[in-house]
Structure formats: C-alpha cells, structure tokens
Amino acid sequence: MYVPEHFALAADRLGALLRRVGAGDLVTNGPDGLDATFLPWSLDPHAGRLGCLRTHMARVNPQWRAQGPAMVILHGPDDYIDPSDHEAPGQVPTWDHLTMHVHGTLVAHEEPEWIIASLGELVDAQPTDWRMEGLDPERLRGMVAAIVGLELRITSIVGKAKMSQNRPSSDIGAIADALEARRTQEAEPRYRRPSAGAIAFLRGPAREHALARERAVERARAAKGPGRTVG
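These notes cover the structure that comes with them. (Residues numbered from 1 in each chain as written. Predicted model: local features only at pLDDT ≥ 70, side-chain atom pairs only at ≥ 80, totals over all residues. Heavy atoms only, no water.)

**Here we look at the overall build of the chain**
As a reminder of what qualifies: Going along the chain from the N terminus, every DSSP run of H or I of four or more residues is numbered as a helix, and every run of E of two or more is numbered as a strand. Relative accessibility under 20% of the residue-type maximum defines a buried residue, over 50% an exposed one, and the middle range a partly exposed one, all with a 1.4 Å probe and only protein chains included. Using the Shrake-Rupley algorithm and a 1.4 Å probe, accessible areas are obtained, with residue cover drawn only from the displayed protein chains. Charge assignment: positive for Lys and Arg, negative for Asp and Glu; neither His nor the chain ends contribute. The atoms used to mark charge sites are NZ of Lys, CZ of Arg, CG of Asp and CD of Glu.
For the chain, the helix and strand inventory stands at 5 helices and 7 strands. Judged by the C-alpha coordinates and their principal axes, the chain covers about 80 × 45 × 35 Å. Expressed as a percentage of the 231 residues in the chain, the buried residues total 39%. For the chain, the exposed surface amounts to about 13,400 Å²; the carbon and sulfur share of it is 55%. Within the chain, one finds 27 positive and 30 negative side-chain charges whose respective centroids are separated by 7 Å.

In structure tokens:
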C-alpha cells in the first residue's frame, strides 16, 4: 500500500488500532488466484514478535487451504468530504479514510481444541454476557466440525490515515463541524451518515498533526529572522 509520509500512522497508533480489531478482509493468493473473505478477528499481541490474528471460516470455503503469505485488511472510519465542507472555496471532492494492511503467514488449524479456544477469544472480545460454556456440547461439536481455524502470524503492519492532516488546522475543524452537522440532520436516502469515528479522528489526531506542522513552520520562520521567509 502506498502511504505518503504525512498520512502514515505511527507505531503506537497502529498498535492501539490493532488492539481494537473487529473484522476485516482476509486476502490470499492461491492456485486459482486472488481470493478474499470478510471475517471477524481476535488479536493475541503476545504471540511472536508482532502478535497474531485468529479467526475461523467455513470448511467448504476453499480459501483456508491457501496457507502461506497472506494479508488482512482492516477498515477504519471513512467519509466523503464535499468542497463545501472546507473553510475556503475552490476545493474539490475527496474521501477521507483510515485503513490497515496486516501482513503475515496464514496457518490453518483443524484441531477442535484450537478452534474452540479461538471461538472463545472472539466471544470474550465482544460486548456480550453470552459464553461458549452455555452451548450444548453436541451442537458445539457439530459447529466445530464445519469450520476451520485460521491464524495470521503477523510479519508487518502498514497503516494509512488520509484524514485531512495535510490541511490547515482551522480547515480540519471546519470539515469536522460540517460532518457533525450532516450527522445530526435527517439524511437523504442517497447519502450515508458521516461516522462518529471520522469526526473524532479529525478533531483529535488529524488536527494535532496539522498544529504540530504549523508550529514547526513558525519556529523555522522565527529562526530565519525578520524579513526572511522559509522556502
């Protein structure tokens, strides 16, 4: 994934986002070419150098046999940014988004014990009081027989947050306000309601990034002295 420097996610923010993993696309390149399946994931941050992601899929899905190099694409908030959302005229439409590509080695598990433990991890990560222990053992055995456990042993993580950080901090605030206004209005059927996650990122990390850049420019100008500009 191509990531301009100003849209790159720092390692600490990558880790924080990965710890909130929910679901994402498993992408493999098997004998029949590229394949992808949207799956729920749980994270074990202590497995290996960078951790591992665990999930399961239907045994009848042939993708689980494409073991080896693989990637999981995790989707963060994304929203359409209209030219009218900016504080100044003359802008063009764009799309803010946050995404992570988690690369690793895909390993399949057919052992019932591994699959059951992985299912328990997924359930425990959700906001629910339901537990695996309450499931009828016979039904559990039937479910486990119909699925295969999957583990992505992480080798690298690349994150991209194109969230208007390249804009002036005041413009980022204007964009966030515009999205908030659309979010609270009755949306037209052809429009998607802006996400709270995108608005929070704009008002937090994106604006902080822009402010840091603006302060650095001011310091450079001050260091040059009066009457001189930074090229």
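So that's the structure; there's more coming.
**Regarding the sheet that holds strand E5 (residues 68-81)**
Filter applied, for reference: Strands qualify as paired when DSSP identifies two bridges or more between them. Note on method: axes are straight lines fitted to C-alpha atoms, helices fitted across the in-contact stretch only, with angles between N-to-C directions ranging 0 to 180 degrees.
Strands sit in the order E2-E1-E5-E6-E7-E4-E3 across an open sheet of 7 strands; the sheet is antiparallel. Each end of this open sheet is capped by a strand with a single partner; those strands are strand E2 (33-40) and strand E3 (42-44). Taking the axes of each pair of neighbouring strands and ignoring which way they run, one obtains an average angle of 35° across the sheet. Sheet topology places strand E1 (residues 23-30) next to E2; 8 bridges connect them, and they run antiparallel. If you follow Asp25 over to E2, its bridge partner there is Phe38.

**Notes on the nonpolar core**
Short version of the rule: For our purposes a nonpolar core is just a set of buried Ala, Val, Leu, Ile, Met, Phe, Trp, Tyr and Cys residues, chained together by side-chain atoms within 4.5 Å. By definition, residues are in contact when any of their heavy atoms lie within 4.5 Å.
The biggest cluster of nonpolar side chains holds 36 residues, and the ones touching the most others in it are Leu26, Leu53, Val72, Val102 and Leu150. When residues of this core are traced back to their parent elements, those giving at least two are helix H1 (11-19), strand E4 (52-58), E5, strand E6 (94-109), strand E7 (147-162), helix H4 (169-184) and helix H5 (196-224). Ranked by residues supplied to this core, first place goes to H5 with 6 residues. Contact partners of Leu53, with chain neighbours within four places excluded, come to Leu18, Val21, Trp41, Ser42, Leu43, Val72, Val102, Leu150, Glu151, Leu152 and Ile154. In terms of nonpolar packing, the next biggest core, distinct from the first, is built from 9 residues, Ile115, Leu119, Val144 and Ile147 among them.

**Here we look at H5**
Using the following cut-off: To estimate the expected span of a helix, count its residues, drop one, and scale the result by 1.5 Å. Two axes are fitted around each residue, one to the seven residues ending there and one to the seven starting there, and the angle between them is reported as the bend at that residue.
Compared with an ideal rise of 1.5 Å per residue, which puts 29 residues at 42 Å, H5 spans 41 Å between its outermost C-alpha atoms and is within 8% of the ideal. Along H5, the sharpest kink reaches roughly 40°, centred on Leu202 and followed within four residues by the proline Pro205. Every buried residue of H5 is listed here: Ala198, Ile199, Phe201, Leu202, Gly204, Ala206 and Ala210. The inward-facing, buried residues of H5 abut H1, E5, E6, E7 and H4. At the C-terminal side of H5, Gly225 shows a positive phi close to 90°.

**Concerning unusual backbone geometry**
With glycine set apart, most residues show a phi of negative sign, and most peptide bonds adopt trans. Even without being glycine, Ser164 reaches a positive phi, approximately 65°. Here Ser164 is to be found in the loop between E7 and H4.

**Structural notes on the packing of H4 against H5**
The relative placement of two packed helices comes down to the angle between their axes together with the axis-to-axis distance. Stated formally: Comment on the angle field: the value is read as roughly parallel under 35 degrees, roughly antiparallel over 145, roughly perpendicular from 65 to 115, and oblique elsewhere. Three classes are used: nonpolar for Ala, Val, Leu, Ile, Met, Phe, Trp, Tyr, Cys and Pro, charged for Asp, Glu, Lys and Arg, and polar for all others, with Gly counted as polar.
Running from N to C, H4 and H5 point in directions that differ by 170°, and their axes come no closer than 8 Å. As judged from the angle between their axes, H4 and H5 are roughly antiparallel. Between H4, through Ser169, Ile172, Ile175, Ala176, Asp177, Leu179, Glu180 and Arg183, and H5, the contact on the second element is made entirely by Ala196, Ile199, Leu202, Arg203, Ala206, Arg207, Ala210, Leu211 and Glu214. Of the residues contributing to the contact of H4 with H5, the split by class is 10 nonpolar, 1 polar and 6 charged.

**Points about the environment of Asp78**
Our working rule: For the purposes of these results, a polar contact is taken to be a pair of N or O atoms within 3.5 Å, where, inside protein, one atom must be able to donate a hydrogen and its partner to accept one; residues adjacent in sequence count only when each atom of the pair is a side-chain atom.
For Asp78, the location among the structural elements is in strand E5. Since its relative accessible area comes to 25%, Asp78 is described here as partly exposed. Asp78 sits 24 residues away from Val102 along the chain, and the two C-alpha atoms are 18 Å apart. Looking at Asp78, its side chain comes within polar contact range of the side chain of Trp95, at 2.8 Å.

**Quick look at the pattern of salt bridges**
Charged atoms that come close allow side chains of opposite charge to pair. The condition that has to hold: Whenever a carboxyl oxygen of Asp or Glu lies within 4 Å of a side-chain nitrogen of Lys or Arg, that contact is scored as a salt bridge.
A full pass over the atoms with the stated rule returns 14 salt bridges. Among the ionic pairs, Asp124 bridges to Arg131, the shortest N-O distance being 3.4 Å. Residue classification places Asp124 among the partly exposed residues on the basis of a relative accessible area of 48%. Taking the relative accessible area as the measure of exposure, Arg131 reaches 34% and is therefore partly exposed. In this structure, Glu180 engages Arg203 in a salt bridge whose closest nitrogen and oxygen atoms are separated by 3.7 Å. Within this pair, whereas Glu180 is found in helix H4, its partner Arg203 is found in helix H5, the two being separated by 23 residues in sequence.

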